[in-house]
Amino acid sequence: MITDQAPPGRATDAPVLDIVLAEPRGFCAGVERAIEIVERAIAKYGAPVYVRHEIVHNRHVVQDLRARGAVFVAELDEVPPGAITIFSAHGVARTVEDAAGARSLHVIDATCPLVTRVHLGGQRYVRQGREVVLIGHAGHPEVVGTLGQIPGRVHLVETAADVARMEVAEGTALAFVTQTTLAVDDTREVIQALQARFPDIVGPGTRDICYATQNRQEAVRLLAAETDLVLVVGSPNSSNSNRLRELAQEMGRPAYLIDDADGIDPAWLDGRRSVGITAGASAPEHLVQGVIAALGTLRPTRLRRLTGAVEDMHFRLPTELLDTQPAA
Ligand code: 0CM
Ligand code: SF4
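The following refers to the structure shown.

A few points about the site of ligand 1
- Looking at ligand 1, there are 14 residues lining it, with His57, Ser238, Ser239, Asn240 and Ser282 nearest.
- Note that an oxygen atom of ligand 1 is positioned 2.7 Å from one of the side-chain N or O atoms of Asn240.
- Relative to its free-state accessible area of 350 Å², ligand 1 is covered by the protein chains to the extent of 96%.
- When atoms are counted within 2 Å of each cavity's grid points, the one that captures over half of ligand 1 is the largest cavity.
- Split by residue class, the shell around ligand 1 holds four nonpolar, nine polar and one charged.

Quick look at the structure:
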């Protein structure tokens, strides 16, 4: 644990607020790669480049890339024929890949390799003659993509109650895969319900939940244990960021998901001696620094870091972008 002094804030007569920063927090390797793909594509091919869905679920990242020449679209029919088209980090269904091919779009795939790994796992189970159960949140783009990458019948479940409701023909061999950004503890419960009802089901356990999600959840658990209040920097549509807020709240701490410093309600600090800060995998570090600075205008502050897992994950960029540097 490293301790350092932050510059005192303006409100020097107020009691000191201890700010504790979770580590690791913020960008994961898949998000860094996805953003760099958009930046390099703009540098290499020129604006506009089209991005299907938000490249990652962060309002500030999207605004920044839009200002630099990215055009975000909900569906491919909004993309002019032949244009540079980037698939977001969350992945896409086969029908989307096929539609891009049919329209001769120049696709650059920013799907996180750990999402692709789940797609491949599901496809392998189908080749083994199994029906696949996907544990995930209905409607989330990664889940829509994974459902659309696994041929045949796929059962989507979110909870143990969903498992009880599943309709499966007698003698069907089953396997499960999961969304990458789920709460580890909740997922374990759903897997236990699957194994109780279908003793022969096979699957990866909680290993489909990616390293970044697992590390950030472990870090926020430690953070919540020793702070009075937890702030999670991230956008409302970010699954992994929401899971961090929920985990802190389940540990009995008031916890808020904020896009940036403007989201802070000063009343949250009333009577609090410490605040823990973390950030979802799609939230840039400059937003965390903005939150720390804003807290410093409300109370005198003292900053320390709570060190956790060390991350050195890095994913290779698509070959066609290796010869290009993003514009400064
Ligand atoms: O899946 P989630 O909603 O957490 O996406 P995100 O863009 O916030 O985080 C990174 C990813 C992926 C896949
Ligand atoms: Fe990949 Fe995990 Fe990051 Fe999603 S949160 S982009 S699965 S590393």
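Side note on the packing of aromatic side chains
- All chains considered together, the criterion is met by one aromatic pair.
- Their ring planes at 5° and their centres at 3.7 Å tell us that Tyr256 and Trp268 sit as a pair that is stacked. Of the two residues, Tyr256 sits in strand β11 (residues 255–258) while Trp268 sits in the loop between β11 and β12 (274–279), which places them 12 residues apart along the sequence.
- Of note, Arg124 hangs over the ring of Tyr125, and the distance from its end group to the ring centre comes to 5.3 Å.

Focus on the packing of helix α8 (residues 211–225) against helix α9 (residues 239–250)
- Across the interface, α8 lies against α9 with an axial gap of 9 Å and an inter-helix angle of 25°. By the angle between their directions, the pair α8 and α9 is classed as roughly parallel. In terms of crossing hand, the pair formed by α8 and α9 is right-handed. Contact with α8, carried on its side by Thr213, Arg216, Gln217, Val220, Arg221 and Ala224, involves Asn240, Arg243, Leu244, Leu247 and Ala248 of α9 and no other residues of that element.

Rules and cut-offs
- Residues numbered from 1 in each chain as written.
- Chains lettered and ligands numbered in written order.
- Predicted model: local features only at pLDDT ≥ 70, side-chain atom pairs only at ≥ 80, totals over all residues.
- Heavy atoms only, no water.
- Near = heavy atom within 4 Å.
- Polar contact = N/O pair within 3.5 Å; in protein donor to acceptor, adjacent residues only side chain to side chain.
- Areas by Shrake-Rupley, 256 points an atom, 1.4 Å probe, with all protein chains shown as cover.
- 1 Å grid on protein atoms, 1.4 Å probe; cavity = no way out; pocket = protein on both sides within 12 Å on 5 of 7 lines; lining within 4 Å.
- Sits in = over half its atoms within 2 Å of the grid points.
- Nonpolar A, V, L, I, M, F, W, Y, C, P; charged D, E, K, R; others polar.
- Phe/Tyr/Trp six-rings, centres within 6.5 Å; stacked < 30°, edge-to-face > 60°.
- Helix = DSSP H or I, 4+ residues; strand = E, 2+ residues; numbered from the N terminus.
- Lys NZ or Arg CZ within 6 Å of the ring centre and 35° of its normal.
- Axes fitted to C-alpha atoms, helices over the stretch in contact; angles between N-to-C directions.
- Parallel < 35°, antiparallel > 145°, perpendicular 65-115°, else oblique.
- Left-handed = near helix turned anticlockwise from the far one by under 90°.
- Contact = heavy atoms within 4.5 Å.

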